[in-house]
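Residue-level structural notes
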Amino acid sequence: MPEREESAEYLEGRLKEIQTHVESKYSKRNQRIDEIWKRRKNAWGEPASLEGRFPELPGNFKDQITVFQAPFVGDLIRRAQALIAAKLPTMERIPPRRGIEESENNDRVELYFNQGVYPKLQEPKDAWAMLTDAMANDGECVSKLLHQPHTWAVQRDRKESNESYNERSENRRRERFPFVDDHVDTRTYYPVDTDDEGVTEVLEITKRSRRLIADRYGMIWRSGGWEAREIGEVIEEGSGYGDEIAFTEQWTRDRFRYYGDGKLLRSGKHRYGRVPYFHAQFSTTSSKDPSFMTEAIAAPLMALQDKIENFMTAQEAVIWKGGFAALFLRPVSPDAIPPGMAGQKIQVVFKPADFTEGIPFGHVPEWMPPPDLGANAAKYQDILLDFLDRVSLAP
């Protein structure tokens, strides 16, 4: 008896329930990765990367200084990614039998994969570079390998000879590869369930343009749901098609389903025998909590970078205070009247390298020197930098 496909209403209700569950389950994982990205963006001068993790600057310093943004986390991830991505992975095949012929066949298989398959899998995107970057940044990475047999399809002309058709087919197969390996943002990958053989169901939840989804799947958004769009039907302006909505891919070992804003768009069967996602971790731990199942290479640097940023910002404030020190009036006569008292209107004009005009009687102008941080501050900075060296890669 053939397997029965559940109704769209049932599938949409089930999706809503499990999507809420996995997004809650993996929320701390995503937060951990977001915190790394915030610090990494320091190297790009992103002010937003400081939100929520640096104390508010006093008002009188805001116009003079900015928060010091250290590049340590970003630099470590950049160097780690360069080391990992320096060479594509190579396949080593163990011959099933001994013998010269089997050994030669084994060499051909390895050559085919290492010089043919792996480089082609990176097209049209540089998936390997993105996967290795995620491994260094997130402490884990996810790829999705899909079969696209239509890339080899060649339409035969009516009166075309066998030789011509075969030649065109052969050229098409040389030019294109029917498999695509794509990087999946770790924060969008949600394993739903597993068994003894591995992951049985996965959700991939991303943000997509409602208009692009409608165009791709030949749909139109009407009355809060998707409907098949008739040829020539016009999408009205201001109908919300510019909005970004949740686009969810649901994969099991034999089926796939696509949802737009929780509504079923397309479903079908596949013959992979498994979900097409491959998940790898950088530093696997014994924790069962998704937040701590792996550790990113820059994790030990995060707290240190925050401390150094706080300290260096305070030091910069002192430097600015010394460079643009405050001028005050010191009384030198017992008869001196405090400025502003007794109805005085005082306007002091300061001229660098010249006399200062408007000094009231009984006062002299003096600079207010910045506070001395002392030797302990320098020692504390040296300790922080020493810790930084210990947990960083060698240059």
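Check the entry above for the structure.
Quick caveat, the model's predicted, so the values are computed rather than measured. (Residues numbered from 1 in each chain as written. Predicted model: local features only at pLDDT ≥ 70, side-chain atom pairs only at ≥ 80, totals over all residues. Heavy atoms only, no water.)

Attention shifts here to the side chain of Gln250. Relative to the helices and strands, Gln250 is located in strand E7 (residues 244-252). A polar contact is formed between the side chain of Gln250 and the side chain of Glu201, at a distance of 2.8 Å. Of note is the side chain of Gln250, whose polar atom sits 3.0 Å from the side chain of Tyr259. Apart from residues lying up to four places away in sequence, Gln250 is in contact with Arg14, Ile18, Glu201, Val202, Leu203, Arg255, Phe256, Arg257 and Tyr259. (Helix = DSSP H or I, 4+ residues; strand = E, 2+ residues; numbered from the N terminus. Polar contact = N/O pair within 3.5 Å; in protein donor to acceptor, adjacent residues only side chain to side chain. Contact = heavy atoms within 4.5 Å.)

Bridging between strand E3 (residues 189-195) and strand E4 (residues 198-209) involves six bridges; their strand directions are antiparallel. By the bridge assignment, Thr194 is partnered in E4 with Val199. Counting the residues in the hairpin turn of E3 and E4 gives two residues. (Pairing = 2+ DSSP bridges.)

With respect to the helices, strands and loops of the structure, Glu197 is situated in the loop between E3 and E4. Relative accessible area serves as the criterion here: at 70%, Glu197 is assigned to the exposed category. Expressed as a C-alpha distance, the spacing of Glu197 and Arg274, which sit 77 residues apart in the sequence, is 9.4 Å. (Buried < 20%, exposed > 50% of the residue type's maximum accessible area, 1.4 Å probe, protein only.)

The next subject is helix H2 (residues 27-40). The first and last C-alpha atoms of H2 sit 20 Å apart over 14 residues, in line with the 20 Å expected at 1.5 Å per residue. Among all positions of H2, only Arg29, Asn30, Arg32, Ile33, Ile36, Trp37, Arg39 and Arg40 are buried. (Expected span 1.5 Å × (residues − 1).)

Where nonpolar side chains cluster on the molecular surface, the patch consists of Leu83, Ile84 and Phe282 and spans about 270 Å² of accessible area. Residue placement: Phe282 occurs in the loop between strand E10 (277-281) and helix H9 (299-323). (Patch = residues over 30% accessible without salt bridge, like charges linked within 9 Å, V, L, I, M, F, W, Y side chains within 5 Å. Areas by Shrake-Rupley, 256 points an atom, 1.4 Å probe, with all protein chains shown as cover. Salt bridge = Lys/Arg side-chain N within 4 Å of Asp/Glu carboxyl O.)

Here the focus is the pattern of salt bridges. Oppositely charged side chains are able to pair whenever their charged atoms sit close together. The tally for this structure, following the rule as stated, stands at 15 salt bridges. A salt bridge links Arg14 to Glu201; its shortest N-O distance comes to 2.9 Å. Within this pair, whereas Arg14 is found in helix H1 (residues 8-25), its partner Glu201 is found in strand E4, the two being separated by 187 residues in sequence. Given a relative accessible area of 30%, Arg14 falls into the partly exposed group. Within the structure, one salt-bridge network assembled from shared partners comprises Glu35, Lys38, Arg39 and Asp306.

Our next topic: the sheet that holds strand E9 (residues 263-269). The strand order across the open sheet built from five strands is E3-E4-E7-E8-E9, with neighbouring strands paired in antiparallel fashion. Of all the strands in the sheet, the pair left with one neighbour each is E3 and E9. In this sheet, neighbouring strand axes are inclined to one another by 15 degrees on average, regardless of whether the strands run parallel or antiparallel. In this structure, E7 lies alongside strand E8 (residues 255-260), joined through five bridges in antiparallel fashion. Bridge pairing in E8 links Phe247 to Gly260. Of the strands in this sheet, E3, E4, E7, E8 and E9 touch H1, which is tilted by about 95 degrees from E4. (Axes fitted to C-alpha atoms, helices over the stretch in contact; angles between N-to-C directions.)

The element E8 is largely enclosed, with a buried count of six among its six residues. Side chains of E8 alternate between two faces, with Arg255, Arg257 and Tyr259 and Phe256, Tyr258 and Gly260 buried alike. Counting the residues between successive antiparallel strands, the hairpin from E7 to E8 contains two residues. As paired elements, E8 and E9 share six bridges and run antiparallel to each other. Bridge pairing in E9 places Tyr258 opposite Arg266.

The next thing to look at is the nonpolar core. In terms of nonpolar packing, the biggest core is built from 18 residues, with Ile213, Tyr217, Trp226, Trp251, Leu265 and Tyr277 touching the most fellow members. Mapped by element, the contributors of at least two residues to this core are strand E1 (140-147), helix H8 (210-217), E7 and E8. Beyond its immediate sequence surroundings of up to four residues, Tyr217 is in contact with Phe247, Tyr258, Leu265 and Arg266. (Core = buried A, V, L, I, M, F, W, Y, C linked by side-chain atoms within 4.5 Å.)

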